[in-house]
Amino acid sequence: MSDALLKIKGMSHYFGGLKAVSNFDFEVPEGVIYGLIGPNGSGKTTTFNLITGIYTPTEGSITFDGSEIKGMKPYKIVHRGIARTFQNLRIFSNLSVIDNIRVARHFTVRSSLASSLLRLPGFKAEEKAIRQEAMHLLEIMHLEDRSEEKAKNLPYGELRRLEIARALATRPKLVLLDEPAAGMNPKEVADLMELIVRVRNEFKVTVFLIEHHMKVVMGICERIKVIDFGETIAEGLPEAVGKDPKVLEAYLGKRGA
Amino acid sequence: MGNLKLPRMLIATAAFWAVVSILNATGILNGYFMIIINRSLIFVILAVSLNLINGITGQFSLGHMGFAAVGAYVSGSITTLIFKLSPDTLAGNGIFVVAIVIGGLAAGFVGFLIGFPSLRLKGDYLAIMTLGFGEIIRTILNNIDAVGGPRGLLGIPKFSNFTVIVAFAFLTIAILRNLVQSSHGRAMLSIRENELAAELAGVDTTRYKVLGFIIGAFFAGVAGGLLAHLLQIAHPTQYGFYASALVLIMVYAGGMGSLTGSVIAAFTLTFLTEGLRVGIDWLKDTVGLPVGTEWTMVIYAILLILIMLFRTEGLMGMREAKILIIAEETK
Ligand SMILES: Nc1ncnc2c1ncn2[C@@H]1O[C@H](COP(=O)(O)OP(=O)(O)O)[C@@H](O)[C@H]1O
Ligand SMILES: [Mg+2]
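Here is what the cut-offs are and how they apply
Residues numbered from 1 in each chain as written. Chains lettered and ligands numbered in written order. Predicted model: local features only at pLDDT ≥ 70, side-chain atom pairs only at ≥ 80, totals over all residues. Heavy atoms only, no water. Phe/Tyr/Trp six-rings, centres within 6.5 Å; stacked < 30°, edge-to-face > 60°. Helix = DSSP H or I, 4+ residues; strand = E, 2+ residues; numbered from the N terminus. Buried < 20%, exposed > 50% of the residue type's maximum accessible area, 1.4 Å probe, protein only. Polar contact = N/O pair within 3.5 Å; in protein donor to acceptor, adjacent residues only side chain to side chain. Contact = heavy atoms within 4.5 Å. Donors = N, O, S within 2.8 Å, 3.2 Å for Na, K, Ca; no water. Core = buried A, V, L, I, M, F, W, Y, C linked by side-chain atoms within 4.5 Å. Salt bridge = Lys/Arg side-chain N within 4 Å of Asp/Glu carboxyl O. Buried area = accessible area lost by both parts, 1.4 Å probe. Nonpolar A, V, L, I, M, F, W, Y, C, P; charged D, E, K, R; others polar. Pairing = 2+ DSSP bridges. Axes fitted to C-alpha atoms, helices over the stretch in contact; angles between N-to-C directions. Patch = residues over 30% accessible without salt bridge, like charges linked within 9 Å, V, L, I, M, F, W, Y side chains within 5 Å. Areas by Shrake-Rupley, 256 points an atom, 1.4 Å probe, with all protein chains shown as cover. Near = heavy atom within 4 Å.

**Student:** What is the right way to look at the packing of aromatic side chains in this model?
**Tutor:** Geometry of an aromatic ring pair is reported as the spacing of the ring centres plus the angle between the planes. All names here are of chain B. In the structure shown here, the tally under the stated rule is 15 aromatic pairs over all chains. A ring pair is formed by Phe16 and Phe162, whose centres lie 6.0 Å apart and whose planes are at 55 degrees; its orientation type is tilted. Of this pair, Phe16 sits in helix H1 (residues 5–25) while Phe162 sits in helix H6 (residues 162–180), and the two are 146 residues apart along the sequence. A residue is classified by how much of its surface remains accessible, and Phe16, at 30% relative accessible area, is partly exposed. With relative accessibility at 8%, the residue Phe162 sits in the buried group. Residues Phe96 and Phe159 carry aromatic rings whose centres are separated by 5.2 Å and whose planes lie at 15 degrees to one another, so their mutual orientation is stacked. Pair noted here: Phe96 is in helix H4 (residues 94–118) and Phe159 is in the loop between strand E1 (153–154) and H6, with a separation of 63 residues, a long-range link. Here the two residues Phe96 and Phe159 agree in accessibility, since each one is buried.

Below, the structure written as structure tokens:
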């Protein structure tokens, strides 16, 4: 486990007096689909916000791919190879579907500002490559027919896939998915599960997801961590975690999903 | 450059230039109309450049004329000085164009100086900061004797003419269009759409906000330089809040994020301003009503309220005329 892609040690975070995350330890090995579950308000989204640099943890360390990323600006963490989606969608609504993706490709662009303003040949070649890569991602997400549509005209389920595509466009090593199945019907959930596995295999990424749907978690996650009130209550393989009495009580019990 | 759309925009501009020039030569458009057309074109540059900051990058600047003032005074000082030293060197337009660009660069640099600290602020705070900046520039100019103080910078050689102004307006629109339809421009648009998501898509949001500010300020400085060399004077009162607000209304009326809208609104509102001025003078002198030019601002305030109520997205929304859209090779 020493070669884990993401290693979090003793991470805690306070919002004023509220301890949203308490002494978390994570080891996410390369290539797995890792699930984080827990009741509403238990600190899951906050964990993602801490990993992606939106907040800096009050205590603890976050090591990614061998180096400390705590305190880095979010966009720099993205450049290092962590991408994410949001529980409440954050789409560039007035941009076209393909532009939503292309934004996420811009930071590797080498063309200077001057070359872009004058549309020199080097610039054009680069833009063409970006377009092709974006179209490829849209095809995988079955959104290729929507590429020129304004993003805000897409139905909810397609927007969820668009966000995943946008995250992948940054060419990440680790993708964080915050409740990707939220608001989906059973058919869409089944398709999504298949998609996540396919994305992991094709893009060779590690997936770290938060999910409420027990079916998704038990179906595709190879490792699971269960939290409640900012504390870890169980961790391990899905079968074992699913039988843990503390989990049954906290998560599936009275305050169940 | 292998792209059929650029010539199309060039052809349209050339056609506009030819028609106006012919109408002017035949006396159908007199000097008075030419002044209004030239002013309109300068306001086109001001409006599209403010649109880059407010409409495309999604920030809120209220002090755009402050940058124009920097460009006007810097370029005006350069040409005036050279003119005094040796009037002959001004035979060519070269020095004038260089002075205009230097004025733009100076404005861009000022944009960097105020943009860097203030773009960390959001919404209202940024608006107040830029409003303050515009007023500070005006006050400083009012108090520097070397550039005429409250009398203004006088005796600027008349270098701006219809042809030069059309050329600069064309270049401004073409460059901003190219910017918006590039990776750099999409990074700016993404900030307007959702700043956090932009950052999490790898966009260095601070850098692109400042960059938008610098480029917008540069073109405002160019516009200021053209105006100074058209009117042969740069005066602090030309660059106050009143003028900045007028440019802002143009951007809103045309549509935030639409270069096309800004162009149309700049023309319409410049002509409307002149019409209102004539109308108000008539009411005052002939009818004898106690009204003054400040009433144009009242009318604009009402116009702005009507836009907010009935057509929030402005004339064009975020759409562009076909001529401003670069066709992409889709395969
Ligand atoms: N920015 C914030 N400021 C204050 N409290 C917050 C903030 N973000 C989250 N919280 C609180 O932290 C706790 C954990 O929230 P969150 O991580 O969103 O939970 P989850 O994603 O597991 O539903 C909740 O009590 C929530 O109200
Ligand atoms: Mg959450």
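**Student:** What am I meant to see in the side chain of Ser244 of chain B here?
**Tutor:** Residues and elements named next belong to chain B. By the element assignment, Ser244 lies in helix H10 (residues 241–254). Overall, the relative accessible area of 4% leaves Ser244 in the buried class. Within the structure, the side chain of Ser244 is placed 3.0 Å from the backbone nitrogen of Met65, a separation counted as a polar contact. Those residues in contact with Ser244, other than ones at most four positions away along the chain, are Leu62, Gly63, His64, Met65 and Gly66.

**Student:** Any chance you could explain the coordination of the magnesium ion (ligand 2) here in plain terms?
**Tutor:** The reference angle at a metal is 109.5 degrees if four donors form a tetrahedron and 90 or 180 degrees if six donors form an octahedron. Residue and element names in this part refer to chain A. Protein coordination at the magnesium ion (ligand 2) comes from Thr45 (OG1) and Gln87 (OE1), with a distance range of 2.0 to 2.1 Å. A residue pair is termed long-range when its members are at least 10 positions apart, and Thr45 in helix H1 (residues 44–51) and Gln87 in the loop between strand E6 (82–84) and helix H3 (97–103) qualify at 42 residues. A relative accessible area of 26% means that Gln87 is categorised as partly exposed.

**Student:** It is not clear to me how the nonpolar core should be interpreted in this structure. Could you clarify?
**Tutor:** When a protein is soluble and globular, its nonpolar side chains tend to lie buried together. Grouped together as the largest cluster of nonpolar side chains are 150 residues, with contacts concentrated most on Met141 and Leu162 of chain A together with Leu46, Phe67 and Leu226 of chain B. Within the second largest apolar cluster, 25 residues are counted, among which are Phe26, Phe48, Leu50 and Ile69 of chain A.

**Student:** Mind showing me how you'd approach the pattern of salt bridges here?
**Tutor:** If the charged atoms of two oppositely charged side chains come close together, the side chains can form a pair. With the rule as written, the count across this model stands at 20 salt bridges over all chains. Two residues, Asp99 of chain A and Arg102 of chain A, come together in a salt bridge whose shortest N-O distance is 2.6 Å. In this pair, Asp99 of chain A and Arg102 of chain A are both assigned in helix H3, three residues apart and thus about one turn of the helix distant. The two residues Asp99 of chain A and Arg102 of chain A agree in class, both being buried. Note that Arg192 of chain B is salt-bridged to Glu193 of chain B, the shortest N-O span being 3.0 Å. Both residues of the pair, Arg192 of chain B and Glu193 of chain B, count as buried. Salt bridges sharing partners connect three or more residues here, namely Arg105, Glu133 and Arg171 of chain A.

**Student:** Explain the interface of chain A and chain B here, please?
**Tutor:** Often, the extent of an interface is quoted as the loss of accessible area upon association of its parts. At the junction of the two partners, chain A supplies 37 residues and chain B supplies 35 residues. For the pair chain A and chain B, the two sides together bury roughly 3200 Å², of which 60% comes from carbon and sulfur. Taken as a group, His106, Leu117 and Arg119 of chain A account for 20% of the area that chain A buries against chain B, more than any other trio of residues on that side. For the interface between chain A and chain B, the tally reads one salt bridge. For Arg186 of chain B, the salt bridge is made with Glu127 of chain A, and the minimal N-O distance between the two is 2.7 Å. Run the count over chain A and chain B and you get twelve residue pairs in polar contact (both at pLDDT 80 or more). Looking at the side of chain A that touches chain B, the elements with two or more residues in it are helix H2 (74–80), H3, helix H4 (113–117) and helix H5 (121–140) of chain A. Considering each element in turn, the side of chain A that touches chain B owes the most residues, six residues, to H5 of chain A. Each residue belonging to the side of chain A that touches chain B can be placed in one class, and the counts come to 17 nonpolar, nine polar and eleven charged.

**Student:** Would you explain the sheet that holds strand E1 (residues 6–15) of chain A in this entry?
**Tutor:** Residues and elements named next belong to chain A. Strand order in the open sheet made by the four strands is E2-E1-E4-E5, with antiparallel pairing throughout. The open sheet has two edge strands with one neighbour each: strand E2 (18–28) and strand E5 (67–68). Sheet topology places strand E4 (residues 59–64) next to E5; two bridges connect them, and they run antiparallel. Opposite Thr63, over in E5, you have Glu68 as the bridge partner. Along the sheet, H1 makes contact with E1, E2 and E4, crossing E1 at roughly 115 degrees.

**Student:** Just checking my understanding: could you explain a nonpolar patch on the surface for this structure?
**Tutor:** Residues and elements named next belong to chain B. Together, Trp295, Val298, Ile302, Ile305, Leu306, Leu309 and Phe310 line one region of the surface with nonpolar side chains, adding up to about 730 Å² of accessible area. Its location among the elements puts Ile302 in helix H12 (residues 295–310). What makes Ile302 partly exposed here is its relative accessible area of 45%.

**Student:** When you look at the site of ligand 1 in this model, what are you seeing that I'm missing?
**Tutor:** Residue and element names in this part refer to chain A. Taken together, Phe15, Leu18, Ala20, Pro39, Asn40, Gly41, Ser42, Gly43, Lys44, Thr45, Thr46 and Tyr55 make up the full set of residues near ligand 1. Between ligand 1 and Ser42, the relevant distance is 3.2 Å, taken from an oxygen atom to a main-chain nitrogen or oxygen of the residue. Note that an oxygen atom of ligand 1 is positioned 2.6 Å from one of the side-chain N or O atoms of Thr46. Protein burial of ligand 1: of its 560 Å² of free accessible surface, 63% is covered by the chains. Within the residue set of the shell around ligand 1, elements represented by two or more residues are E2 and H1. Take the shell around ligand 1: its biggest share by element is three residues, from H1. The class makeup of the residues in the shell around ligand 1 is five nonpolar, six polar and one charged.

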